[in-house]
Amino acid sequence: MRHTLAVLVENNPGVLARVAGLFSRRGFNIDSLAVGRTESPDVSRMTIVVEGDERVLEQVNKQLHKLVDVIKINDITADEYVDRELVLIKVNADPAQRGEVMQIADVFRARIVDLGRKTVTLECTGNDGKINAFEESLRPYGIKELVRTGKIAMLRGTKYTGLQENGD
Amino acid sequence: MEITAAQALVKCLEKEQVEVIFGYPGGAILDVYDALYHSPIRHVLVRHEQGAVHAADGYARATGKVGVCMATSGPGATNLVTGIANAYMDSIPLVVFTGQVPTSQVGTDAFQEVDITGITIPVTKHNYLVKDAVQLPRIIKNAFHIAATGRPGPVLIDLPRDVAQTRIKFDYPDSVNLRGYKPTYRGHPNKIAEAARLIGSAARPVIYAGGGILNSKASRELLTLAETINAPVTNTFMGLSSFPGDHPLFLGMLGLHGTRAANLAVTNCDLLIALGARFDDRVTGKLAEFAPNATVVHVDIDPAEIGKNVQVHVPIVGDVKQVLRELLSRLEKKQDTSWLEQIEAWKKQYPLVYRRGEGELKPQYVIEKLNEINGGNAVVVTDVGQHQMWVAQYYRFKRPGSLISSGGLGTMGFGLPAAVGAQIGLPGELVILVTGDGSIQMTMQELGTAMEQELPLKIIILNNHVLGMVRQLQQVYCDSRYMAVEFKFHPDFETLARAYGIKSYTLRTEKEVDQLLPEALGSPGPVLVNCLVCAAENVNPIVIAGKAISEAVDC
C-alpha cells in the first residue's frame, strides 16, 4: 500500500542525502519525494510517498526518526488531506491539432505556458489520478517531454503537521 | 579574547573532560595538532589510523566514556571508516575528528580530499561538516551528547583547514537542545505492567540479554531479575560478561555457536524476555523457528530494533536499567522448579566439549587455563574468528564489561588496537588480548604503539597457521575444498616480539601451558604468548545456515 508521509527536517545541507540514502540502504521504495522550505526558514518539509506494508512503514518511520535532522514525521495516509502535484508536459501540436490539445487542457483546467511552432507546453496541477489521466489524454499526440514535481500534501481542517503539538 | 577554531576544539575537549585522544596527524589537521601542543590532554600516536579508531573504541568499552580519535583528511579519514562502522554496529560512543581541505577547495578533488561526511552517513549516528567556525563549539557539544546518550554510537566532525584557522570568540554551551533527537528513557508504565503480568504467569521464561545491559550498566538489575523470577539467562555475544558466567541460572551464549542448552531453552520457552538485544541473524538462525511458542517482551532504547526482525508482543522502549527497576518493583519472587530442572538436564546432557589428549594443544584448553589463572577477572579483548568464539564459550566472565570484542561488524584486526585503548583506559588492570595468527597480522603495527605507551599487555596468539573460521566454513559449505585459508609463511612471532622489545613464549603442549602461562600472565611488562594449536579444530556446536538454532550440529 502507498503511504504519504509529511516529514519536517532541519534545513541543513546534506539532509536530503541522509533521507534518500536511508531509503536506498534499507531497501525502502520511494514513489516520490518533494522537498521545500516551510513557514520557518530553518525547517524544510519533505512529502514522501512510499510503498510498503505495515511492517515496512513502521521501519521507515522508526529509521527516519533515528536521523538527528528529522524533527517530526506524520503518516497522513489515513487522514483527510489535500494533495497536489504539478506537471509540465510538452506535447506535439502542429497548428491543425492545437485546437484539440487546447480542448483537453480545458477539461483538465490546465494552462498553456508556452507555444512553439510544433509544440505546446502545458501546466497542470491536481492529485495523482488527475495528473495520470491528463498525461494519458495527451499521449496520442506525442509527448516530447514531461516532468512532475512529486506530490505535496497537507491535512484538511484544523489539523496540521507543525513543530508544535497538534491541538486537534 | 578570540582564539582559532582549532584552539577552541581543544578547549571543548578539555571541557568534556577528555583524557586521551588517539590519533595520527597530517596536513589538513595541522592546526588542531598545533593547538594540542599546549593542552594537558594525552595524545596517543598510533601507527595507522584504523588503530586510532579501534583504540578509541576499546577505551570507550573499557571505561564507559566517549572515545575520541582524530586523523587528517583523505586517506587518514578513509582509514578510519572500518573502525567507525565497527563502533556503529556495536553501539559504542565515539567522537571522531577529521581534517578537511579548505572550504574553497572542497568539491574540487583537491589533494587528500574525500567526502568523508558523505562516506560515513551510513555508519555514523550523525556527522557534521563544519562550515562556520562559530558553530564549532555547539557542534562538539552536540556530538558528545549524541554519541553518549540514547543508543550510543560514533559521531564524526569534519573540519576544513580554513575553518580551523578562523578566529572566534570561545563560548562553550552548557546545554543541548536538539529538537530532532530526544531518546526515550522511561518505559511505558502500562507496557511494564503487562510484562510483569506475563512474567507472573509464564511457566517457561527465558531472559535473552544483549549488549544493551552493558551500555546501560544494568548487570545488577539483570541478576536481580533472574534470581527473583528464577529464569535462566542467555547472553548474546555482545551481552557476555553482563551476567556472571558461573551462575547456576546462566545458559551461556545462544545462537550460531551457542550452547545447546541456551538454544533449546529459547526454542521451548513460553516467554522470551529480550533485554537490550536485537534479534541478530547470528542469534536467531531460521527466524520462523526462533522461540516459536513464546510471547516476546522486548526492551530496547532504540525503537527501530523493536519489531524489526521478529514480532514482539510487549514492546518497551526505554533504558533497560530504568525499565528493569520499574519492572522489579512489580514482580514477586517466583519459585517454579520444573522448568529449571529441564534446563539443568539440558546443561548436563549437552555440555560444551572438545577432545583432549590427541597429542596436540587444543585452543579451548588455553582459554580454560586463562580463565582458571585469573578466575575470570581479567579484561579480555579478542579479535575475530574461531578464537573469539572459544573465548565466548569457555571463558567465564565475572565482571560486567570485561569482554571487549567486535560483535556486529566482525572486524579482524580490532583486537590489538582495542587492547591498547582498553589498557590506557584501565592502567591498573590485567588486559589480555586473545587473538589469532590471521587477525593479529592485520594490525600488528600497533605493537609499536603499545610499547611506546609502555602498556603491559598480555597477547595470546592462538596460532593454527590457518584462517580457522573460514577453513571451517569451507569444510562445511564447500566440501572441504580449502581455498586461500592456509598461511604457508608466518613470521617467527618470538623474533617479532623481540624486535619490539616484548618478552615472548611459544607454547606447544598442555604441559607448557600449565607451566608457563601463569608466569607469562604474571609478568609485569608486555608479553606475547604464541600458542601453537591444533589446526583442524572446529568451533562446535554450529547451526548450519538456514537451520533452526535447535538443530545445532558438530562438525
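Every value quoted in this text rests on a predicted model; they were computed, and no experiment measured them. (Residues numbered from 1 in each chain as written. Chains lettered and ligands numbered in written order. Predicted model: local features only at pLDDT ≥ 70, side-chain atom pairs only at ≥ 80, totals over all residues. Heavy atoms only, no water.)

A. Spotlight on the interface of chain B and chain A. In this assembly, 20 residues from chain B lie in contact with 20 residues from chain A. Across the chain B/chain A interface, buried area totals approximately 1600 Å², and carbon plus sulfur atoms make up 47% of it. Along the contact surface separating chain B from chain A lie three salt bridges. For A:E10, the salt bridge is made with B:R179, and the minimal N-O distance between the two is 2.7 Å. For the pair chain B and chain A, the number of links is nine residue pairs in polar contact (both at pLDDT 80 or more). Broken down by class, the residue content of the side of chain B that touches chain A amounts to nine nonpolar, five polar and six charged. (Contact = heavy atoms within 4.5 Å. Buried area = accessible area lost by both parts, 1.4 Å probe. Salt bridge = Lys/Arg side-chain N within 4 Å of Asp/Glu carboxyl O. Polar contact = N/O pair within 3.5 Å; in protein donor to acceptor, adjacent residues only side chain to side chain. Nonpolar A, V, L, I, M, F, W, Y, C, P; charged D, E, K, R; others polar.)

B. Up close: the pattern of salt bridges. Across all of its chains, the model carries 41 salt bridges over all chains by this definition. Through salt bridges with shared partners, a single ionic network connects A:R2, A:D31, A:E51, A:E85, A:D128, A:E135, A:E136, A:R139 and A:R148.

C. A look at the sheet that holds strand β12 (residues 271-275) of chain B. Residues and elements named next belong to chain B. Spatially, β11-β10-β9-β12-β13-β14 is the arrangement adopted by the six strands of the open sheet, whose pairing is parallel. Strands with a single pairing partner mark the edges of an open sheet, and in this sheet they are β11 (250-253) and β14 (314-317). Each strand of the sheet is rotated relative to its neighbour by a mean of 15°, with strand direction disregarded. By the bridge criterion, three bridges tie strand β10 (residues 233-235) to β11 in an arrangement that is parallel. The residue of β11 that forms the bridge with N235 is M253. Along the sheet face, helix α12 (residues 260-268) touches β9 (205-209), β10, β11 and β12 and points at about 105° away from the line of β11. (Pairing = 2+ DSSP bridges. Helix = DSSP H or I, 4+ residues; strand = E, 2+ residues; numbered from the N terminus. Axes fitted to C-alpha atoms, helices over the stretch in contact; angles between N-to-C directions.)

D. Representation of the pairing of strand β5 (residues 94-100) of chain B. Residue and element names in this part refer to chain B. Taken across its seven residues, β5 has seven buried, putting it largely inside the fold. Bridge count between strand β4 (residues 67-71) and β5: five bridges; the pairing is parallel. Looking across to β5, one finds that M70 is bridged to F97. Relative to strand β7 (residues 154-160), β5 runs parallel, the two being bridged by seven bridges. Bridge pairing in β7 links Q100 to P160. (Buried < 20%, exposed > 50% of the residue type's maximum accessible area, 1.4 Å probe, protein only.)

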